[in-house]
Number of protein chains: 2
Amino acid sequence: MDGMGDPEFADIEAAAERIAAHVRRTPLLASAELGAAFGTHVEFKCENLQEGGAFKSRGAINAVFALAADVAARGVATHSSGNHAAALARAAQRRGVPAFIVMPRGAPKVKRAAVEGFGGRVLECEPTLAAREAAAAQLVADTGASFVHPYDHPLVIAGQGTIVLELATTTERPDVILVPVGGGGLLSGTALAARHRWPGTRVIGVEPAGADDAFRSFASGQLQPQGEPRTIADGLRGAMSARTLRLARANADSIVTVAESSIVAAMKLVFDRLKLVVEPSGAVPLAALLERKVSARRVVVVLSGGNVDLESLPWLAPSPGAVEAAPGAPLRR
Amino acid sequence: MDGMGDPEFADIEAAAERIAAHVRRTPLLASAELGAAFGTHVEFKCENLQEGGAFKSRGAINAVFALAADVAARGVATHSSGNHAAALARAAQRRGVPAFIVMPRGAPKVKRAAVEGFGGRVLECEPTLAAREAAAAQLVADTGASFVHPYDHPLVIAGQGTIVLELATTTERPDVILVPVGGGGLLSGTALAARHRWPGTRVIGVEPAGADDAFRSFASGQLQPQGEPRTIADGLRGAMSARTLRLARANADSIVTVAESSIVAAMKLVFDRLKLVVEPSGAVPLAALLERKVSARRVVVVLSGGNVDLESLPWLAPSPGAVEAAPGAPLRR
C-alpha cells in the first residue's frame with residue numbers, strides 16, 4: 001500500500017460507476033414502528049442484502065476492477081477470515097483473476113467455504129497476526145498478486161462510501177447516519193461521502209464497548225491498541241489504521257460504544273420487527289439507538305451485513321445473563 | 001358476506017389505488033445464486049417485509065377502507081389467530097375504527113400481542129371452529145361491525161391481487177408466479193390479476209402435503225374437506241371456500257404439494273442465502289423449486305410473510321428426522 005494516498009470525494013463518485021454492474025442497489029426500509037419507539041424517523045440501509053451478504057463487496061469490487069489488466073491478471077490477495085475475504089474472492093471471480101486468501105488455521109468452516117465457493121484459493125497459516133502478515137507478504141512476493149487490505153486501502157474506502165451516493169438518490173438528507181466501526185473503512189468512506197453530498201449530516205460510528213480501540217483513538221487523535229477484543233461482533237475486532245483514523249477525524253462526527261447485551265437485543269429486534277437476518281456487527285448501530293446514545297430527527301442506520309451462523313443465534317445461547325434486556329424502553333407495536 | 005360477488009380485475013386496480021398510502025411497495029430481490037442452483041431466473045417478492053410482516057395487510061386495508069364511513073364507524077370483526085387478525089387490527093387503527101378479533105383460548109401470546117399492539121380488541125372463545133364462528137356472529141349482531149373474512153371476501157382477494165400490479169411495474173413478465181395456498185385468497189387474487197396483466201404467465205399454488213385440501217379441491221372441482229392439517233406452515237391450515245376455488249380454477253394454472261422437510265429446508269435457505277426472515281408458510285413456494293416440482297425460465301416466488309417465533313426455529317428442533325435434507329441437488333455459492 002506504499003504510495004497510496006487518501007481517497008477523495010471524486011474517488012467515491014468514480015467507485016459508484018465502477019461497481020454499479022457488480023453490486024446491488026440495496027433497499028432502504030423505513031420502520032414506523034421502530035421510529036415511534038425511538039422517537040425519530042429511522043430508515044435502514046440493507047447491506048445485509050448486498051451481494052455476498054455484506055457491504056464489503058463494494059470496496060472489494062472497486063479495488064479489483066480499478067487494477068490495470070496486466071496487474072489484475074496476477075491476482076489479488078488478502079488476509080482475513082471475514083466478509084472481506086469472501087467479497088474479494090467474489091470480485092476476483094467476476095474479473096476472471098485469481099484470489100489468494102490467507103486464513104488462520106481453525107477459521108470457521110463456513111467462512112472458508114464462502115471463499116472457496118467464489119473460487120478463492122485459501123492458504124492456511126498459524127493463527128497469529130504476525131503469521132498472517134508474513135504469509136500474505138510471501139504470497140505477494142511469490143505471485144505478484146495485488147494486496148487488498150480489508151480497510152486500509154483508498155479504493156476500498158472509496159467503495160464503501162458509495163452507500164451514501166445511493167442513499168442520496170432515494171431519501172431526504174438525514175441528520176445522522178449510524179455505521180459500525182471495526183477497522184474504520186466503512187466509517188471513513190461514509191463520512192467522506194456525507195461531508196460532500198450531505199453537509200450537515202453527522203456520521204457517527206458505533207463500536208462494541210468490548211473492542212473500543214476506535215473510540216479511544218478517535219478521542220485522543222492517536223492510534224490506540226485494540227487489546228483483547230471481547231465482543232460477539234466478530235466483524236468489528238480489527239483496529240483502525242492511521243489512514244482510517246485520519247479520515248474519520250476529518251469527516252465523522254463521533255464514535256459511541258454499546259454494550260454486548262444491547263447488540264444482541266438490537267440483532268433480535270432486526271430479525272423480529274424488520275424481518276431481516278443481520279449479523280452481530282450489523283446490529284451494532286441500532287444498539288446505539290436502543291441505548292439512547294444518539295438523538296436526531298432523521299436517522300439512517302446501516303445494517304452492514306447478514307452473515308451469521310443460524311445454528312447458534314445469540315438469544316438462544318444457554319449461558320445465563322448473556323441475553324439480558326437492553327437499556328431503553330420496551331417496544332410496543 | 002351474502003350478496004358479495006366475485007372480484008374482477010378492475011377491483012384489483014381500484015384496490016391498488018386504495019391501499020397505496022397504507023402498505024409498502026415491497027422489494028423484489030433477484031438471487032443469481034439460487035437461480036443458478038435451480039436453473040432458472042428467480043426473483044423474490046418480499047411480502048415478509050410488508051407492514052405487519054405479511055401480505056395480509058393488502059386485503060385488510062382494502063376491505064376496511066372500502067367501507068362507507070357510517071358502516072366503518074361500527075368497526076370490523078374477524079375470527080383468526082394469524083396474520084389476518086393483526087392486519088385487520090392495523091387497518092382499523094389506520095381508519096380510526098374499532099377491530100374485534102375472536103381468538104381461540106390458548107392462541108399463541110405473540111399473536112394476541114400483535115393484535116393488541118395495533119389496538120384490536122380480543123374476544124376469547126373455545127378453540128373450535130364452531131365456537132369461533134358463533135362468537136363472531138354474535139359479535140357482529142351486537143356491534144354492527146362488518147365481518148371481514150380472512151380470504152372468502154372479494155375485497156380481500158382483490159387486495160392480495162395488487163402484488164401482481166406492483167410486480168408488473170418492476171420486472172419483466174415471468175413464466176411462473178409461485179404463491180402459497182391456505183384458504184386460497186392470495187392464489188385467487190394473484191391468478192386473477194396475472195391473467196389480465198400478464199396473459200401467459202402461469203400462477204401456481206404450493207401447498208403442504210400435510211394440508212392438501214386445495215390440491216384435492218382444485219383437481220376434482222369440488223370442495224374437499226381439510227381433515228386434520230399436519231404441517232409446520234401454520235398459515236396454510238385453512239380450507240378453500242367455494243369462491244376461492246372457483247376463482248383459482250378459472251385463473252390459476254395448478255396446485256402442487258411439498259413435503260415438510262422441504263418447507264424447513266426452503267425456510268433455512270431464505271434465512272441463509274437471502275438474509276430474510278420468513279415464516280414456514282412463506283417458504284412453501286420455494287420448496288416447490290427445491291423439489292423440482294416446477295420448471296420455467298423466469299420465476300417469481302412470493303415470500304408471503306415473516307412472522308415466526310425466533311425462539312424455536314425449526315432447524316434447531318431436537319426431534320430427529322424433522323429437519324432432513326430436502327430433495328434436489330445441494331447448493332453451492
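Conventions and cut-offs
- Residues numbered from 1 in each chain as written.
- Chains lettered and ligands numbered in written order.
- Predicted model: local features only at pLDDT ≥ 70, side-chain atom pairs only at ≥ 80, totals over all residues.
- Helix = DSSP H or I, 4+ residues; strand = E, 2+ residues; numbered from the N terminus.
- Rg over C-alpha atoms; globule rule 2.2 N^0.38 Å.
- Buried ≥ 20, exposed ≤ 12 C-beta atoms within 10 Å, placed from the backbone.
- Contact = placed C-beta atoms within 7 Å.
- Pairing = 2+ DSSP bridges.
- Right-handed = clockwise from strand over helix to strand, strands pointing away.
- Axes fitted to C-alpha atoms, helices over the stretch in contact; angles between N-to-C directions.
- Least-squares fit on C-alpha atoms with pLDDT ≥ 70 in both.
- Domains from an automatic or database assignment.
- Nonpolar A, V, L, I, M, F, W, Y, C, P; charged D, E, K, R; others polar.
- pLDDT = per-residue confidence, 0-100.
- Parallel < 35°, antiparallel > 145°, perpendicular 65-115°, else oblique.
- Left-handed = near helix turned anticlockwise from the far one by under 90°.
- Core = buried A, V, L, I, M, F, W, Y, C linked by C-beta atoms within 7 Å.

Draft legend 1. Local environment of the overall build of chain A. Along its length, chain A carries 13 helices and ten strands. Taken over the C-alpha trace, chain A has a radius of gyration of 19 Å; the compact-globule value for 333 residues is 20 Å, and the two agree within 12%. Each principal axis of the C-alpha atoms in chain A carries an extent, and together these give about 55 × 45 × 35 Å. Classification of the 333 residues of chain A by burial places 56% in the buried group. By sequence separation, contacts in chain A at least 24 residues apart represent 74% of the contacts at least 6 residues apart.

Draft legend 2. Focus on the pairing of strand S9 (residues 254–258) of chain A. Residue and element names in this part refer to chain A. Here S9 lies mainly inside the structure; four of its five residues are buried. As paired strands, strand S8 (residues 202–208) and S9 are joined by five bridges and run parallel to one another. Across the sheet, Glu 207 pairs through a bridge with Thr 257, a residue of S9.

Draft legend 3. Seen up close, the pairing of strand S7 (residues 176–180) of chain B. Residue and element names in this part refer to chain B. Where burial is concerned, most of S7 is hidden: five out of the five residues are buried. Burial along S7 is two-sided: Val 176, Leu 178 and Pro 180 and Ile 177 and Val 179, pointing in opposite directions, are all buried. Bridge analysis of S7 against strand S8 (residues 202–208) gives five bridges, and the strand direction is parallel. The residue bridging Pro 180 from the neighbouring strand is Val 206, located in S8. This β-α-β element, S7 to helix H9 (residues 185–197) to S8, shows right-handed connectivity. Strand direction decides the pairing type here: S7 and strand S10 (residues 298–303), joined by three bridges, are parallel. When the sheet's bridge partners are listed, Val 176 is paired in S10 with Val 299.

Draft legend 4. Structural detail: the interface of chain A and chain B. Taken together, the contacts link 20 residues of chain A with 20 residues of chain B. Listed by contribution, the elements that provide at least two residues to the side of chain A that touches chain B are helix H6 (109–117) and helix H12 (260–274) of chain A.

Draft legend 5. Geometry of the sheet that holds S8(A). Residues and elements named next belong to chain A. In space, the six strands of this open sheet follow the order S1-S2-S10-S7-S8-S9, with mixed pairing throughout. Every other strand in the sheet has two partners, leaving strand S1 (28–30) and S9 as the edge strands with one partner each. Within this sheet the neighbouring strands show an average axis-to-axis angle of 25°, counted without direction.

Draft legend 6. Here's a closer look at the relation of the copies chain A and chain B. The two copies are related by a screw motion: chain A maps onto chain B through a turn of 180° and a shift of 0.0 Å along the axis, at an RMSD of 0.0 Å. Each copy turns onto its partner about a two-fold axis. Judged by C-alpha distance, Leu276(A) is the residue of chain A that lies nearest the rotation axis, at 2.3 Å.

Draft legend 7. Molecular detail of the domain arrangement of chain A. Residue and element names in this part refer to chain A. Each assigned domain of chain A is listed here: domain 1 (9–54 + 153–316) and domain 2 (57–147). The interface is formed by 23 residues belonging to domain 1 together with 15 residues belonging to domain 2. When contributions to the side of domain 1 that touches domain 2 are tallied by element, the ones reaching two or more residues are helix H1 (9–19) and helix H8 (154–168). A per-element tally of the side of domain 1 that touches domain 2 places H8 first, with seven residues. In terms of residue class, the side of domain 1 that touches domain 2 is made up of eight nonpolar, eleven polar and four charged.

Draft legend 8. Molecular detail of the environment of Leu192(B). Residue and element names in this part refer to chain B. Of note, Leu 192 is situated in helix H9. Taking the number of C-beta atoms within 10 Å as the measure of exposure, Leu 192 has 27 and is therefore buried. Between the alpha carbons of Leu 192 and Phe 9 there is a distance of 6.6 Å; along the sequence they are 183 residues apart. Residues within four places of Leu 192 in sequence aside, it is in contact with Pro 7, Phe 9, Ile 12, Gly 161, Leu 247 and Asn 251.

Draft legend 9. Expanded view of the confidence of the model for chain A. When the pLDDT values of chain A are averaged, the result is 92; 94% of them are 70 or greater. Within the model, pLDDT remains below 50 along residues 319–333 of chain A, and this stretch shows 26 contacts once partners closer than five positions in the same chain are excluded.

Draft legend 10. Representation of the packing of helix H5 (residues 83–95) of chain A against H6(A). All names here are of chain A. For the pair H5 and H6, the least separation of the axes is 8 Å and the interaxial angle reads 15°. Judged by the angle between their axes, H5 and H6 are roughly parallel. Every pair of crossing elements has a handedness; the one defined by H5 and H6 is right-handed. From H5, Ala 85, Ala 86 and Ala 89 reach across to H6, where they touch Lys 111, Ala 114 and Val 115. Taken together, the residues that form the contact of H5 with H6 break down as five nonpolar, no polar and one charged.

Draft legend 11. Up close: the sheet that holds strand S5 (residues 121–125) of chain A. Taking strand neighbours across the sheet as the criterion, the four strands line up as S5-S4-S3-S6 (chain A) in an open arrangement whose pairing is parallel. Edge positions in the open sheet fall to S5 and strand S6 (146–147) of chain A, since each of these has one partner strand only.

Draft legend 12. Quick peek at the nonpolar core. Core analysis: the biggest nonpolar cluster contains 212 residues, and Leu88(A), Leu178(A), Val270(A), Leu88(B), Leu178(B) and Val270(B) have the highest contact counts within it. Look past the residues within four positions of Val270(A) in its chain and what remains in contact with it is Leu276(A), Val278(A), Ala283(A), Leu286(A) and Leu303(A).

Draft legend 13. Geometry of the environment of Thr40(A). Residue and element names in this part refer to chain A. Position of Thr 40 among the secondary structure elements: in the loop between helix H2 (32–38) and strand S2 (41–46). Judged by the 18 C-beta atoms lying within 10 Å of it, Thr 40 is partly exposed. The sequence separation of Thr 40 and Arg 298 amounts to 258 residues, and the corresponding C-alpha distance is 5.9 Å. Excluding its chain neighbours within four sequence positions, the residues that come into contact with Thr 40 are Gly 35, Ala 296, Arg 297, Arg 298 and Val 299.

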